[in-house]
Each structure stands twice: as structure tokens, then as C-alpha cells.
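Understanding the architecture of this molecule
Here is how the chains run, residue by residue.
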Amino acid sequence: MAKIALTGLVAIHLAVTLWHGSAHTQLGILLPPEKNAFVYIVILIAPIVAASLLWTRYLLAGVWAFFVSMVGALLFGAYHHYVLVSPDNVGHLPTGTAEAHSHFITSAAAIALLELASALYGAFCLGSHLGTPATLRGPEKG
């Protein structure tokens, strides 16, 4: 059951990330190369790799990769959208339409909440199941 839930969270995360990326495009908010690399590797690719691993004998590595990528994404996004003063901050957006600003602010909040919930669920999977791959599958049917 956890594999299905984690895979679903990855799919939702990808959709919300693409939605937020379109808000960046609408407002012309560009990231420097090193931040773009982080976004592509940790926020986009790592969760997909994690979900793929969940369906192999490397299940536990997949859960760890999911958890670490969600924590990394959450910290990166929270810092850039709510702390660091830059055009990527919800309080310091560049000139644009009210609709574009709303799109950016709403998608930034949605992704932060999703990453928080995902990180917590990943921690739950790691902690409550004591890292044993058999229990991540759920109860055995008999």
C-alpha cells in the first residue's frame, strides 16, 4: 500500500512542480545554472527515480530517495519562496498580471504543503516500518 501512496505522491508532485514552473515562465523568473541543476536533479528527477525504485528489490532505497528528495525540495522552495529576498520570493515578484502573481503564489504554497506532507509520509514509512521492506508492502494476505 505504501508503494502506491508514495508513487501517487510523486505523480502529484511532478504535476504541481510543472504547474509552478509555468508560473516562473509567466513572470520571467529565471534561476541561475546551479539552482536550475538542483531543481532538475533533486526536485524533478530524484522523486521519479525514487518511485521507480519502489517497484524493485531496492524498495528501501526508493523510500529513502523519496524522503531525502522531498526534504531537499521543501527546504529549497521554502527558503527561496518565503525567506530569500529575490524575484523568486512571493513577496517580491517581478511586474506581471494579478493572475500571474496569483498563479505563482498559489503554486508555491501548494508545492510547499505537498512537499511537507510527502516528507512526513516518507519519514513515517521509514520509521514505523523500521526499514523492513516486507512491511512496506502492507499486511500479507492469507
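Below, the structure is looked at part by part. Keep in mind the model is a prediction, meaning the values are calculated, not measured. (Residues numbered from 1 in each chain as written. Predicted model: local features only at pLDDT ≥ 70, side-chain atom pairs only at ≥ 80, totals over all residues. Heavy atoms only, no water.)

A word on the overall build of the chain
- Each helix and strand in the chain was counted, giving 5 helices and 0 strands.
- Overall, the chain shows an N-to-C arrangement of helices and strands of α-α-α-α-α.
- A principal-axis box enclosing the C-alpha atoms of the chain has dimensions of 60 × 25 × 20 Å.
- Within the chain, the fraction of its 142 residues that count as buried is 39%.
- Pairs at least 24 apart in sequence give 75% of the contacts found in the chain among residues at least 6 apart.
- Looking at the chain as shown, the accessible area adds up to about 7700 Å², and 75% of this sits on carbon and sulfur atoms.
- The centroid of the 5 positive side-chain charges in the chain is displaced by 20 Å from the centroid of its 5 negative side-chain charges. (Helix = DSSP H or I, 4+ residues; strand = E, 2+ residues; numbered from the N terminus. Buried < 20%, exposed > 50% of the residue type's maximum accessible area, 1.4 Å probe, protein only. Contact = heavy atoms within 4.5 Å. Areas by Shrake-Rupley, 256 points an atom, 1.4 Å probe, with all protein chains shown as cover. Lys, Arg positive; Asp, Glu negative; His and termini not counted. Charge placed at Lys NZ, Arg CZ, Asp CG, Glu CD.)

Remarks on helix H2 (residues 33-54)
- Under the 1.5 Å per step criterion, the end-to-end length of H2 is 30 Å for 22 residues, consistent within 8% with the ideal 32 Å.
- In the structure, H2 departs most strongly from a straight axis at Ile-45, where the bend amounts to approximately 40° and where the proline Pro-47 lies between one and four residues downstream.
- Every buried residue of H2 is accounted for by Val-39, Val-42, Ile-43, Leu-44, Pro-47, Ala-50, Ala-51 and Leu-54.
- Along its buried surface, H2 packs onto helix H1 (2-27), helix H3 (59-83) and helix H4 (98-128). (Expected span 1.5 Å × (residues − 1). Bend = angle between axes of the 7 residues up to and from the residue.)

Remarks on the packing of aromatic side chains
- Scanning the model with the defined rule gives 3 aromatic pairs in all.
- With 6.1 Å between their ring centres and 80° between their planes, Trp-64 and Phe-67 make a pair best called edge-to-face. One end of the pair, Trp-64, and the other, Phe-67, are both in helix H3, 3 residues apart, so they sit about a helical turn from each other.
- Overall, the relative accessible area of 44% leaves Trp-64 in the partly exposed class.
- A centroid spacing of 6.1 Å and a plane angle of 25° characterise the contact between Tyr-121 and Phe-124, whose relative ring orientation is stacked. Linking Tyr-121 with Phe-124, this pair stays in helix H4, spanning 3 residues, or about one helical turn.
- Owing to a relative accessible area of 47%, Phe-124 belongs among the partly exposed residues under this scheme. (Phe/Tyr/Trp six-rings, centres within 6.5 Å; stacked < 30°, edge-to-face > 60°.)

Thoughts on the nonpolar core
- If you look at the biggest cluster of nonpolar residues, it comprises 17 residues, and the most contacted ones within it are Leu-6, Leu-54, Val-63, Phe-66 and Cys-125.
- Of all the secondary-structure elements, those providing two or more residues to this core are H1, H2, H3 and H4. (Core = buried A, V, L, I, M, F, W, Y, C linked by side-chain atoms within 4.5 Å.)

Thoughts on the side chain of Asp-88
- Residue placement: Asp-88 occurs in the loop between H3 and H4.
- There is no salt bridge for the buried Asp-88, and the closest opposite charge comes from Lys-35, which lies 6.8 Å off by N-O distance.
- Of the polar contacts made by the side chain of Asp-88, one reaches the side chain of His-24; its length is 3.1 Å. (Salt bridge = Lys/Arg side-chain N within 4 Å of Asp/Glu carboxyl O. Polar contact = N/O pair within 3.5 Å; in protein donor to acceptor, adjacent residues only side chain to side chain.)

So, the packing of H2 against H3
- Two elements in contact, H2 and H3, have axes whose closest approach is 8 Å; the angle formed by their N-to-C orientations is 155°. The orientation of H2 with respect to H3, classified from their angle, is roughly antiparallel. The chirality of how H2 crosses H3 is left-handed. Between H2, through Lys-35, Phe-38, Val-39, Val-42, Ile-43, Ala-46, Pro-47, Ala-50, Leu-53 and Leu-54, and H3, the contact on the second element is made entirely by Leu-59, Ala-61, Gly-62, Val-63, Ala-65, Phe-66, Ser-69, Met-70, Gly-72, Ala-73, Phe-76 and His-80.
- In terms of residue class, the contact of H2 with H3 is made up of 17 nonpolar, 4 polar and 1 charged. (Axes fitted to C-alpha atoms, helices over the stretch in contact; angles between N-to-C directions. Parallel < 35°, antiparallel > 145°, perpendicular 65-115°, else oblique. Left-handed = near helix turned anticlockwise from the far one by under 90°. Nonpolar A, V, L, I, M, F, W, Y, C, P; charged D, E, K, R; others polar.)

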